[in-house]
Amino acid sequence: MTAAGFGLTRRSAPACEAVLMDLDGTLVFSEEVHRRAWQGFFDTWGVAVTDADYEQHYMGRRPSDVIAGVPGPWTGTDAAAALATMTAFTLEHAGNVTVVPGAAALIRRLRVKYRISVVTSAGAQWAQHLLKDVLGVHDLIDVIITAEEITSGKPSPEGYLRACAALRARPEQCLAFEDSPSGIHALVAAGVRDIVGVTTTASAADLTRAGARWTVPNLIPRHLQRIRSSINAKTVARGSNDQEVDG
């Protein structure tokens, strides 16, 4: 596998066919926003949720999956209304989102040679806001898979499999970036092997246990050097004549 921006160029067909990226937590620091939104939701229902329970049952998942699958006073109520409440709480705190260092620049480097998909547990309105207004890279993303477009959210592989199909890329030939164990479980289930875990919301140990091949604190070039070196070594081991290292 090769990846532009990691020091590799190509002469013909690349071994890396596409790049898959999560959004919240991977490209932007937004987990605190989602935590506040969920807290507003819990307060509405008079429910107390510990941080441990939140991380296990709520973090990194589609609100619609949680509302339908996690027992609570909302069980059996109007799911659409509950979801609308969550969306309103999330948008209320949208101004608190910041960019993970290196995220926008990495997308610009990768997009020179590779198609990119963003696969998110968030809704389309939130994804559009982040990609357009916060990151400024919306026009560089080839495929965006949001909560409305899938039946089962992460850790189901459905979103990533849909992205690969739309990109006409084999999962095992993709490079992926995720920040949550549930997202990494989804990638592994989809057949993606080269997974970068971004430790913005979970520990390196948790991401590695979930299936991440590498972990990084953010997406600036010096933290990706180790990944570039590993991919370079893999390319050399394959004896490929299609790529060359450009330094």
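Before any of the text, the structure's been laid out above.
Remember, it's a predicted structure, so these values are computed and weren't measured experimentally.

A. How the structure looks around the packing of aromatic side chains. Applying the stated criterion to the full structure yields ten aromatic pairs. Arranged with centres 5.5 Å apart and planes meeting at 90 degrees, the rings of Trp38 and Phe41 form a pair that is edge-to-face. In this pair, Trp38 and Phe41 both sit in helix H1 (residues 31-45), three residues apart, roughly one turn of the helix. Neither residue differs from the other here; Trp38 and Phe41 are each classed as buried. Residues Trp45 and Trp74 carry aromatic rings whose centres are separated by 6.4 Å and whose planes lie at 75 degrees to one another, so their mutual orientation is edge-to-face. In this pair, Trp45 is assigned in helix H1 and Trp74 in the loop between helix H3 (63-69) and helix H4 (79-92), connecting sequence segments 29 residues apart.

B. The packing of H1 against H4, seen in detail. In the contact formed by H1 and H4, the axes pass within 8 Å of each other and the chain directions differ by 135 degrees. Taken as axis vectors, H1 and H4 run oblique relative to one another. You can see that H1 and H4 cross each other, and the crossing is right-handed. Contacts between H1 and H4 involve Val33, His34, Ala37, Trp38, Gly40, Phe41 and Thr44 from the first element and Ala82, Thr85, Met86, Phe89 and Thr90 from the second. When the residues that make up the contact of H1 with H4 are grouped by side-chain class, the tally is seven nonpolar, five polar and no charged.

C. Fine view of the nonpolar core. Counting 36 residues, the largest nonpolar core has Met21, Leu23, Leu27, Leu131, Leu135, Phe177 and Leu219 as its most contacted members. Those elements that place two or more of their residues in this core are strand E2 (18-21), helix H5 (103-111), strand E5 (116-119), helix H6 (124-134), strand E7 (174-178), strand E8 (194-198), strand E9 (214-216) and helix H10 (221-238). If one sorts the elements of this core by residue count, H5 sits on top with five residues. Counting 23 residues, the second largest nonpolar core, distinct from the first, contains Val119, Val143, Ala163 and Ala212.

Scoring rules and cut-offs
- Residues numbered from 1 in each chain as written.
- Predicted model: local features only at pLDDT ≥ 70, side-chain atom pairs only at ≥ 80, totals over all residues.
- Heavy atoms only, no water.
- Phe/Tyr/Trp six-rings, centres within 6.5 Å; stacked < 30°, edge-to-face > 60°.
- Helix = DSSP H or I, 4+ residues; strand = E, 2+ residues; numbered from the N terminus.
- Buried < 20%, exposed > 50% of the residue type's maximum accessible area, 1.4 Å probe, protein only.
- Axes fitted to C-alpha atoms, helices over the stretch in contact; angles between N-to-C directions.
- Parallel < 35°, antiparallel > 145°, perpendicular 65-115°, else oblique.
- Left-handed = near helix turned anticlockwise from the far one by under 90°.
- Contact = heavy atoms within 4.5 Å.
- Nonpolar A, V, L, I, M, F, W, Y, C, P; charged D, E, K, R; others polar.
- Core = buried A, V, L, I, M, F, W, Y, C linked by side-chain atoms within 4.5 Å.

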